[in-house]
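Okay, here's what each chain looks like letter by letter:
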There are 4 protein chains.
Amino acid sequence: MKVGIIGAGRIGKVHIKNISLFVPEMDIKTVADPFMNDATAAYCTQYGITNTTKDAEDILNDSEIEAIIICSSTDTHSKYIIEGAKAGKHVFCEKPVDYDLAKVHEAIDTAKEAGVKLQIGFCRRFDHNHKGVYDAVRAGKVGDVQLVRISSRDPEPPSIDYVKVSGGIFYDMMIHDFDMARYLAGSEVEEVYAKGAVLVDPAIGEAGDVDTAVVTLKFANGAIGVIDNSRQAVYGYDQRVEVFGSKGVAYNQNDTPNTVVISDAECTKSENTYSVMWDRYTQAFVSEMQAFAQAVANDTETPVCGIDGLYPVLMAAAATKSCKEGRPVKISEIEG
Amino acid sequence: MKVGIIGAGRIGKVHIKNISLFVPEMDIKTVADPFMNDATAAYCTQYGITNTTKDAEDILNDSEIEAIIICSSTDTHSKYIIEGAKAGKHVFCEKPVDYDLAKVHEAIDTAKEAGVKLQIGFCRRFDHNHKGVYDAVRAGKVGDVQLVRISSRDPEPPSIDYVKVSGGIFYDMMIHDFDMARYLAGSEVEEVYAKGAVLVDPAIGEAGDVDTAVVTLKFANGAIGVIDNSRQAVYGYDQRVEVFGSKGVAYNQNDTPNTVVISDAECTKSENTYSVMWDRYTQAFVSEMQAFAQAVANDTETPVCGIDGLYPVLMAAAATKSCKEGRPVKISEIEG
Amino acid sequence: MKVGIIGAGRIGKVHIKNISLFVPEMDIKTVADPFMNDATAAYCTQYGITNTTKDAEDILNDSEIEAIIICSSTDTHSKYIIEGAKAGKHVFCEKPVDYDLAKVHEAIDTAKEAGVKLQIGFCRRFDHNHKGVYDAVRAGKVGDVQLVRISSRDPEPPSIDYVKVSGGIFYDMMIHDFDMARYLAGSEVEEVYAKGAVLVDPAIGEAGDVDTAVVTLKFANGAIGVIDNSRQAVYGYDQRVEVFGSKGVAYNQNDTPNTVVISDAECTKSENTYSVMWDRYTQAFVSEMQAFAQAVANDTETPVCGIDGLYPVLMAAAATKSCKEGRPVKISEIEG
Amino acid sequence: MKVGIIGAGRIGKVHIKNISLFVPEMDIKTVADPFMNDATAAYCTQYGITNTTKDAEDILNDSEIEAIIICSSTDTHSKYIIEGAKAGKHVFCEKPVDYDLAKVHEAIDTAKEAGVKLQIGFCRRFDHNHKGVYDAVRAGKVGDVQLVRISSRDPEPPSIDYVKVSGGIFYDMMIHDFDMARYLAGSEVEEVYAKGAVLVDPAIGEAGDVDTAVVTLKFANGAIGVIDNSRQAVYGYDQRVEVFGSKGVAYNQNDTPNTVVISDAECTKSENTYSVMWDRYTQAFVSEMQAFAQAVANDTETPVCGIDGLYPVLMAAAATKSCKEGRPVKISEIEG
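Rules and cut-offs
Residues numbered from 1 in each chain as written. Chains lettered and ligands numbered in written order. Predicted model: local features only at pLDDT ≥ 70, side-chain atom pairs only at ≥ 80, totals over all residues. Heavy atoms only, no water. Contact = heavy atoms within 4.5 Å. Buried area = accessible area lost by both parts, 1.4 Å probe. Salt bridge = Lys/Arg side-chain N within 4 Å of Asp/Glu carboxyl O. Helix = DSSP H or I, 4+ residues; strand = E, 2+ residues; numbered from the N terminus. Pairing = 2+ DSSP bridges. Least-squares fit on C-alpha atoms with pLDDT ≥ 70 in both. Core = buried A, V, L, I, M, F, W, Y, C linked by side-chain atoms within 4.5 Å. Buried < 20%, exposed > 50% of the residue type's maximum accessible area, 1.4 Å probe, protein only. Axes fitted to C-alpha atoms, helices over the stretch in contact; angles between N-to-C directions. Parallel < 35°, antiparallel > 145°, perpendicular 65-115°, else oblique. Left-handed = near helix turned anticlockwise from the far one by under 90°. Nonpolar A, V, L, I, M, F, W, Y, C, P; charged D, E, K, R; others polar. Phe/Tyr/Trp six-rings, centres within 6.5 Å; stacked < 30°, edge-to-face > 60°. Lys NZ or Arg CZ within 6 Å of the ring centre and 35° of its normal.

A. Region of interest: the interface of chain C and chain B. On the side of chain B, 26 residues touch chain C, which itself brings 26 residues to the contact. Taken together, the two surfaces of chain C and chain B that pack against each other cover about 1900 Å², and 56% of this comes from carbon and sulfur. Where chain C meets chain B, there are 0 salt bridges. Elements with a minimum of two residues in the side of chain C that touches chain B: α1 (10-22), α6 (128-138), β12 (248-251) and β13 (261-264) of chain C. Strand direction decides the pairing type here: strand β13 (residues 261-264) of chain B and β12(C), joined by 4 bridges, are antiparallel.

Quick look at the structure:
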């Protein structure tokens, strides 16, 4: 299956490498990036890809290309999904689909009408630790889900320039956790209450965002969820989930570079979690692309479909509104 | 120092035993309980206490008794605090002081005017694991506090009869966590948002209460707190706290009866946490009484003073109101 | 049951306290110590014991005393067991019974002939973590025992004066592990190979002892055991056991003062194990005495009987010989 | 750098894959295997290797090939090392070099005279957990090394046919631990005492081998080592090391497929370690080959040189002799 990569920034390069090394079903024919340069082209060559371009249309118009991987800036996601779908290509798109709900709907609908696969890049679902909790929950190990608890903390905040265009912590960072919450609870969220604070860097507040947030979720199945986010965990990339239910609890811990324990006269020491997302989710990025390749190859539903791209955006919108207005906000207020 | 015990139910018996065995500064002269019977008297005799009565006044009127330990039903707490204080006796009182804020204030004020020590039975402050996190936070190990996260789940719900008179989950169960939150954050709570659900037993809902709850707290110092409670954790008495800040994170894990790990062909197994509060907090009950004895003996402030009895009640009132009205409630709304 | 304590040094004081507080079946009538002084008498008074003496005969000749607790120096153990047994008293004796095998046999035989209970102070059998492994093994959780692995390391070496009279590391320190090995394996040791080294303090070598040792054991049931000892673990009192078998493995970890985990920019930190034996085995000392009291009260076999006092001494003799001669030594060479 | 692979069995295939995907410095030109067939050729093609042969000489005589990877049967290792070295090729050879010490010496000497790199396949040195302990030890975190403790247990025994030609547990299985012991201790072994038993399968004993073994090592620097091996750990591939010294202890734990913890009404459960070597040491196999490529590319010493191939064989010989003769055996007895 010939594929085209649209966007060769950081995440694009990761997908290029992973597809080349670990997804034998796929063959990258073309990589497009408006800022394509010698360095990026050399990166592609390293993986046997000689066809690079600045124009995504070269991919969209190439009838040999069966699937596209959209890694471009967020504001172009829905456009490329729609164009790709209309061209009959299967689509893998990085999250979020769009901040504009109408565009999200249009993108999903177009893919559906075109009968192409659409997978959204919520890579954490493919992480061994998060999937381990999910599998335990779905296997009934915790019984009926009553509480979902997620901690998600980045090692350091992005630049203020990025914060300004990020859409805010709920769209940019917690969106992963919104996806994880639905995934773990096995139920849609009906109401969101968000409490935010500026505790890491006043400049983030000046940019109109918060850097610390706690969100309470009410699921349709009655369960309650809670997510905490911080833009800065000095000890590393901290991502843990817990699902509590009528028969027990399942939770995970962070991965560490090794399992070494050292006890000296002072205390007992072990390694911190990874400080870089790419190290923490190395395997998840590979697995999500393998899953997409298999969904296309076998003509099965993708494991993170269009609707999975929509709901986290709804939740982010509700959380943003809740945080500003100081009251719980129903998803139905947003959806309307 | 001669002391009198008012109330010889379960918690009263624990204090009788602990004072007898582990608090050499105190000598229990009299135990009063309106339901005093042969069995309870025999329990007292076992610890060398021969003076038992049905009338708490026998203690309150005994000028030889310097301190009283109030373990009677909640509705009598403030009355005995006031009477004891007026009689010049130091007072240790089980939590909560009262559900009626006016009575709480009166009790605290009376003790203050009388110049007697008043300690409230928030025993968890004395638990080695919770105190370990507190000590780390106060020593600056996590820097400025940004998030406080508390899980508190009981092994099984109380009887429906008890639920009906308990004051509700926020007054009866989460009040310990409200105390813990203030203690760990080192700051007062300004606003509370509570989300409750009936997921364990519909009869709890019929009794007007919830059995599962998540509460978001906003502290005066800007930090955010989150508490989750469930009336039924089938794996045992689950009590964990976490404090996250600018320099790191400190959290604890539950105690287990032993550290044995067994790996067989199926999986790796270890012991669950204790399933009974008295096993989990054995040492904490001893330590709080030793602390009270020392505060009296050395004429120092008690480690859980009157105001520490007041705030959790304010928070419980706000949480109850928030849960009912579906909106965040400021403590100032309650206090007014 | 009236009991007498012979020897009021450190371990004697621990037994005095534990019996007074936690063993209601026993009532300490008399404490004897050749160095009895005001401080020791005051310690006894604190627990309600007014009868103190320098002469152990005051206990041995007191017909009211039913059981004796021997906490005197090792060279007097067998003598007091024999005299006590002949006087019809039940005997709890600290380990080891004696370095002289003939005396050990005589002591055991005398107790047997007198029909009195004899319990040896191998307190670790009563430790929750070690007992947890034992219970798992006896319950068949690991199947047939194939390997027994024990690490036992003291926080710091004893004084050189003590080393000189200690009988050597195998009699003084590893004797506990010899007992534990038999207890866990459920089989007697047939052969011992000991390798020792002087790595902690040359003065220990000059005193004719080693401070670091690894011993391989061959059990009658075919299993192999291995014990390592060091006189100095700077991180605390390190005691762990592991039993490996046909169906799995069971092992334990050290206890720590609390379960707090702190992650900061440097690494993840937790508490070291206890640095003091009395803190690590607080509960085990209580439990062994409760078990002795119950064995006497119910006329059942003591959980650590005379033969359990004999075998570790045989193993220590074999290990000492093996370490000196540089070859494996059979227990039958020692027993003969 | 063009390389040739000699031997395309299980380990050969792993190296083919790893070099192709993760070692950009190397380009596999030819794969030789006396049993080369369509399936193996297809495996090679998958990684872009079209040149396959049944004759290793095609590689040894190919002047374009700079380095060879020897993955053939043990009896051919030394022969290919010698031929490869004489042909001026750098050599990576799977362990063990040979069971015949004269051949080991000849192989090492020939490589040295030829001035080619020689690296032996002790992959565990490259494992993140074992390397983590090594790094801590070398960084002085445990001070002077006093004890080295290694547990190494396979999930299930090999076939009896294999056992018969394996050279025995010490050459076949514990040889990895002998390497690890030297690596961790930073000192050579002077004396070995081995105790073996047949506890897993009597057929192993009938084949003249043992399936369970404990070996005590005496290092030149005074430290003591202890290794335990079992051919069958039903809970998985169990590999842990511990180094104890004057300033502390460093140890590691097994990797698990995920970090999920489940607590239910019964107990607390987590994943067992991997049950397959290739899963446990996935990353180590990659890292050792990257290290070899870099040693060749940068003309630096290989991280596991010829002498590192020799010593474990000496130790295996001494252990085999010790186990048979029931006495400690000095390495000097073997070397002579």
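B. Molecular detail of the sheet that holds strand β3 (residues 52-53) of chain A. Within the open sheet, the 6 strands sit side by side as β3-β2-β1-β4-β5-β6 (chain A). Their pairing is parallel. This sheet does not close on itself; its edge strands, each paired only once, are β3 and β6 (118-120) of chain A.

C. Focus on the relation of the copies chain C and chain B. Take chain C, turn it by 180 degrees, move it 0.0 Å along the axis, and it overlays chain B with an RMSD of 0.0 Å. Taken together, these values place the two copies in the relation of a two-fold axis. The rotation axis passes nearest to the C-alpha of Leu21(C) in chain C, at a distance of 3.0 Å. Here 100% of the interface residues in chain C have copies in chain B that are interface residues too; the copies meet face to matching face.

D. How the structure looks around the nonpolar core. Counting residues in each nonpolar core, the largest one holds 208 residues, and the members touching the most others are Phe170(B) and Phe170(C). The contact partners of Phe170(B), leaving out residues within four places of it in the chain, are Ile175(B), Phe178(B), Ala194(B), Val210(B), Ala213(B), Val215(B), Ala316(B), Ala319(B), Thr320(B) and Cys323(B). Within the second largest apolar cluster, 106 residues are counted, among which are Val3(A), Tyr80(A), Val116(A) and Val243(A).

E. Highlighting the side chain of Asp177(B). In this structure, Asp177(B) sits in helix α9 (residues 174-185). Using a relative accessible area of 2% as the deciding quantity, one classes Asp177(B) as buried.

F. Representation of the packing of helix α1 (residues 10-22) of chain A against helix α2 (residues 38-46) of chain A in the model. Residue and element names in this part refer to chain A. Packing of α1 against α2 brings their axes to within 10 Å, and their N-to-C directions diverge by 20 degrees. The angle between α1 and α2 falls in the class roughly parallel. The chirality of how α1 crosses α2 is right-handed. Across from Lys-13, Val-14, Ile-16 and Lys-17 in α1, the residues of α2 making contact are Thr-40, Tyr-43 and Cys-44. By residue class, the composition of the contact of α1 with α2 is 4 nonpolar, 1 polar and 2 charged.

G. Layout of the pattern of salt bridges. Under the counting rule described, the total for this entry stands at 112 salt bridges over all chains. Here Glu266(A) ties to Lys269(A) by a salt bridge, and the two come within 3.0 Å at their closest N and O atoms. The partner of Arg327(A) in a salt bridge is Glu325(A), with the nearest N and O atoms 2.9 Å apart. Because the salt bridges share partners, they merge into one network encompassing Arg149(A), Glu242(A), Arg153(B), Asp228(B), Asp238(B) and Arg240(B).

H. Representation of the packing of aromatic side chains. The full count for this structure, using the stated rule, is 32 aromatic pairs over all chains. Aromatic pair Tyr193(A) and Tyr193(B): ring centres 3.8 Å apart, planes at 25 degrees, arrangement stacked. On the criterion of chain membership, the pair formed by Tyr193(A) in strand β8 (residues 189-197) and Tyr193(B) in strand β8 (residues 189-197) is interchain, its members lying in two chains. With respect to class, Tyr193(A) is no different from Tyr193(B); both count as buried. A cation sits over an aromatic face here: Arg240(A) above Tyr251(B), 5.8 Å from the ring centre. The lysine or arginine in question, Lys13(C), covers the ring of Tyr43(C), its NZ or CZ lying 5.9 Å from the ring centre.

I. Broad picture of helix α4 (residues 77-86) of chain D. All names here are of chain D. Here α4 lies mainly inside the structure; 7 of its 10 residues are buried. Every buried residue of α4 is listed here: His-77, Ser-78, Tyr-80, Ile-81, Ile-82, Gly-84 and Ala-85. Structurally, α4 contributes buried residues whose contacts are with β1 (2-6), α3 (57-60), β4 (67-70), β5 (90-93), α5 (101-114) and β6 (118-120). Immediately beyond the C-terminal end of α4, within one or two residues, lies Gly-88, with a positive phi of roughly 80 degrees.

J. Structural view of the pairing of strand β7 (residues 145-153) of chain B. Residue and element names in this part refer to chain B. In terms of burial, β7 is largely enclosed, as 9 of its 9 residues are buried. As defined by bridge partners, β7 adjoins strand β10 (residues 224-230) across 7 bridges and the pair is classed as parallel. The residue bridging Arg-153 from the neighbouring strand is Ser-230, located in β10.

K. Here's a closer look at the relation of the copies chain A and chain B. Between the two copies, chain A and chain B, the superposition gives an RMSD of 0.0 Å; the rotation angle is 180 degrees and the shift along the axis is 0.0 Å. A high fraction, 100%, of the interface residues of chain A reappear at the interface in chain B, so the copies pair face to face through one surface.

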